[in-house]
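# Report on the structure
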Amino acid sequence: SAFIGDELLGMDAARYLKLDDLKDQDDDFLSPKKSLREFEGGLDSLIPSSPATETSDNVSPVASPIHTGFLVSFMVDARGGSMRGSRHNGLRVIIPPRTCAAPTRITCRLVKPQKLTTPPPLVEGEGLASRIISLGPSSMQFLWPVIVEIPHFASLGRGDRELVVLRSENGSVWKEHRNRYGDDMLQAILNGMDEELESQEELEKKRIRRIISTDFPLYFAVVSRVQQESDLIGPEGGQLISKLMPQVQAIFPATAVTKRVRLGLQAQPIPDELLTRQLGNQATFSPVVTVEPRRRKFHRPIGLRIPLPPSWRESPRNAGEGDITSLRLLCSVIGGTAPAQWEDITGTTKLLYSNSCANFTTNVSARFWLADCPRTAEAVTFANLLYRELTAVPYMAKFVVFAKMNEAREGRLRCYCMTDDKMDKTLELHENFSEVARSRDIEVMEGMALHLECSGNLVPVRKATQQSRTFSFQAFRDNRLHVSVKVRDSNKEASGFLSFLRKPTKYEDTQPVLCNLNISMPPCLQFCVDDINRIRVEYPNSLLDQSSALLNLWASREGNRAQMENLCVALKNIDRSDIIKCLEGQAMSEPEEEGACMLPSVINGKNGQHFEVISVRTPAAGLTPGTLIWQPVVHYPTSYLNDQNCRY
């Protein structure tokens, strides 16, 4: 197969695509607000936009930008090169000069994790921030560090999570990739290359992860996890302090370990909103504190310091011992990818209190948690309920809505919750659905249930073959919801308001809305059978007169909305893109003032070419009554009529 990278390098091997080249591509962004004649790529990019309001999360939907760069691979030599991925915005590979000893084909693919025999082992609270990155040549050693920038979709806004990079040399064993080069080394790494590199702050805003390596493993994986401090601890002992919550500390005495090993400390705070939603005021909890790797036995007990739960700090009580105290110490020693199993170890572990913290010792690394729970017997139950929500990985996703009218008052919606999916390559566009709304980036949690509520002039219709209006979010998977809707009042615009919530409103009257979207159903060509029969009677001998009468009826019915864009969308909805292509050619040859209404003369054109509506779908044919079948008929001048009257 041919690669764009080869074409770019083949004609002028010394020229590589730089950032300035991409700045020239701004005109490739297709806006739905452009008129028909401004499109060079056909009408497929035409997307009606729903207006945003102060209470909605709409953004103007546009076609995916056209990126110039490599598809799968490109060639570099000793002069180096920089290329951006054409399929994924933000993907970039930089090979500095004098990095390759010989001409080398660089390959870069994003792979679905389910296609790997052994995907990265992820523990609770961890999730892939992007698809798996497959690089080649695998195991190749470069003469100088190379840079790979990868877009990700993890939500890091709360400040308690971080990104780490895992690498696999053979596809079965994974280990953490540690970057030995800081930002101060970037210019030295470029080795005189004229390439612009953004700061870490700018990359974080754009959700891009930079990887620097002197070799290519078989796979890279970007993982989102709870922020962790780690260090090499030897026989001399040491200490780990959480940067997120400095009160959380782990002290390793001398000879606790017999050789230098890497140990980590995590502190995950409990959001007040989550605690209130799940438990109300039945209990409060400290941060979840984890010593990694779990299930490791120490030769001497290590000391841990954990902040007390808020309710205990605000109202100190006699701690007591065993079952008589409401302050419970919970522990889970389960390691690896297995789910946590919390146990109450209050009666076997002595707690010492100082400076609003509890201190204790342990011989085994594990997860620890303090709970202030007056109903002591339910402390573990409450912990399990809270922990399931706490370990859900947050992502940044978009809600996208496609729509199609079936009849004059009934249509279909297909709602997506997307991460890196291609919005212009979905099945809906092949089935002539139109994108009617797109949201800004919204934080959603892995496995979160999403429920749809409709309001305005659109009412959901429950079909026997359809499920409820609830679906769940899974990162990098097809999260799609099918909904049938009906126009409440046919005298008003077919528009409405979509709200995505965590639960149906019948379970909870007031709850935060994840996303609000304004939508307007795409225009359609719908005439009742009586109108069509009347026009056939009035113009029995002329298909051209019939089509003109129908178009006049449509134009008068639509009013100010009877424009070329709406007509083309309506034609597309009845699977007549062939007419759109003909109309586009006619409209370009005959300039029209922007915003003018569609009249039959625009359709009829010049030079004897006409486009006629010649039949109607009927129930006898097994089709929806009142839906037009459009067929263009080209009438050539009189000298051609004898033998060249063409119908297509």
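The structure reproduced in this document is the subject of the present report. (Residues numbered from 1 in each chain as written. Predicted model: local features only at pLDDT ≥ 70, side-chain atom pairs only at ≥ 80, totals over all residues. Heavy atoms only, no water.)

## Considerations on the packing of helix H5 (residues 272-279) against helix H7 (residues 379-390)
Each pair of packed helices can be summarised by the angle the axes make with each other and by the distance between the axes. Applicable threshold: Simply put, an axis is a line fit to the C-alpha atoms, just over the touching stretch for a helix, and the angle between two N-to-C directions goes from 0 to 180 degrees. To qualify as a helix, a DSSP run of H or I must reach at least 4 residues; to qualify as a strand, a run of E must reach at least 2; elements of each kind are numbered from the N terminus. Any angle that falls under 35 degrees is termed roughly parallel, while one over 145 is termed roughly antiparallel, one within 65 to 115 roughly perpendicular, and all others oblique. Two helices that cross are described as forming a left-handed crossing if the nearer one is turned anticlockwise from the farther one by less than a right angle, and a right-handed crossing if clockwise. Any two residues whose heavy atoms approach within 4.5 Å are treated as being in contact. Amino acids outside the nonpolar list (Ala, Val, Leu, Ile, Met, Phe, Trp, Tyr, Cys, Pro) and the charged list (Asp, Glu, Lys, Arg) are all regarded as polar, and Gly is one of them.
Viewed as axis vectors pointing N to C, H5 and H7 meet at an angle of 135°, and their least axial separation amounts to 10 Å. Accordingly, the angle class assigned to the pair H5 and H7 is oblique. Relative to H7, H5 is oriented so that their crossing is right-handed. Counting all contacts with H5, which are made through Leu274, Leu275, Arg277, Gln278 and Leu279, the residues of H7 involved are Phe382, Leu385, Leu386, Glu389 and Leu390. Of the residues in the contact of H5 with H7, the class split is seven nonpolar, one polar and two charged.

## A word on the sheet that holds strand S29 (residues 449-456)
Filter applied, for reference: Paired strands, in this sense, are two strands between which DSSP finds at least two bridges.
Taken in spatial order, the four strands make up an open sheet running S31-S29-S33-S34, and their pairing is antiparallel. Only two strands of the sheet have a single partner each, and these edge strands are strand S31 (470-472) and strand S34 (513-520). Neighbour-to-neighbour, the strand axes of this sheet turn through a mean angle of 25°, independent of strand direction. Where S29 meets strand S33 (residues 495-501), six bridges bridge the pair, whose relative direction is antiparallel. Note on S33: the bridge partner recorded for Gly456 is Gly496.

## Description of the packing of aromatic side chains
The condition is simple: Stacked, edge-to-face and tilted labels apply to pairs of Phe, Tyr and Trp rings (six-membered ring for Trp) whose centres lie within 6.5 Å, assigned for plane angles under 30 degrees, over 60, and everything in between, in that order. Think of it in three bands: residues with accessible area under 20% of the maximum for their type are buried, residues over 50% are exposed, and the middle band is partly exposed, with areas taken using a 1.4 Å probe on protein chains only.
Evaluated as defined, the whole model comprises 13 aromatic pairs. When the centroid spacing of 6.2 Å and the interplanar angle of 75° are considered together, the rings of Phe153 and Phe476 count as edge-to-face. One end of the pair, Phe153, is in the loop between strand S8 (141-151) and strand S9 (161-168); the other, Phe476, is in the loop between S31 and strand S32 (480-487), with 323 residues separating them in the sequence. Summarising the burial analysis for this pair, Phe153 and Phe476 share the class buried. Ring geometry for Tyr395 against Phe473: centres 6.0 Å apart, planes inclined by 55°, an arrangement best described as tilted. Here the residue Tyr395 occupies a position in strand S25 (residues 394-405), and Phe473 occupies one in the loop between S31 and S32, the gap between them amounting to 78 residues. Taking the relative accessible area as the measure of exposure, Tyr395 reaches 3% and is therefore buried.

## Notes on the pattern of salt bridges
Two side chains bearing opposite charge may form a pair once their charged atoms approach each other closely. The cut-off we apply is this: One speaks of a salt bridge when a side-chain nitrogen belonging to Lys or Arg is within 4 Å of a carboxyl oxygen belonging to Asp or Glu.
Taken as a whole, this structure holds 27 salt bridges when the rule is applied. Asp215 is the salt-bridge partner of Arg167, the closest N and O atoms lying 2.9 Å from each other. A residue pair is termed long-range when its members are at least 10 positions apart, and Arg167 in strand S9 and Asp215 in strand S11 (residues 208-215) qualify at 48 residues. On the accessibility criterion, Asp215 (12% relative accessible area) is buried.

## Quick notes on the nonpolar core
Filter applied, for reference: Take the buried Ala, Val, Leu, Ile, Met, Phe, Trp, Tyr and Cys residues and link them wherever side-chain atoms come within 4.5 Å; each set so joined is a nonpolar core. For each domain, the first and last residues come from an automatic or database assignment.
In this structure, Phe399, Leu413, Leu498, Phe500 and Met521 are the most contacted members of the largest nonpolar core, which totals 49 residues. Sorting elements by how many residues they give to this core places S25 first, with six residues. Inspection of this core shows a minimum of three residues originating in each of domain 1 (72-225) and domain 3 (394-520). Among all residues touching Phe399, those that are not within four sequence positions of it are Tyr416, Cys417, Ala437, Arg438, Ser439, Ile442, Val444, Leu450, Phe500, Cys515 and Leu517. Phe252, Leu265, Trp312 and Leu351 belong to the second-largest nonpolar core, a separate cluster that totals 29 residues.

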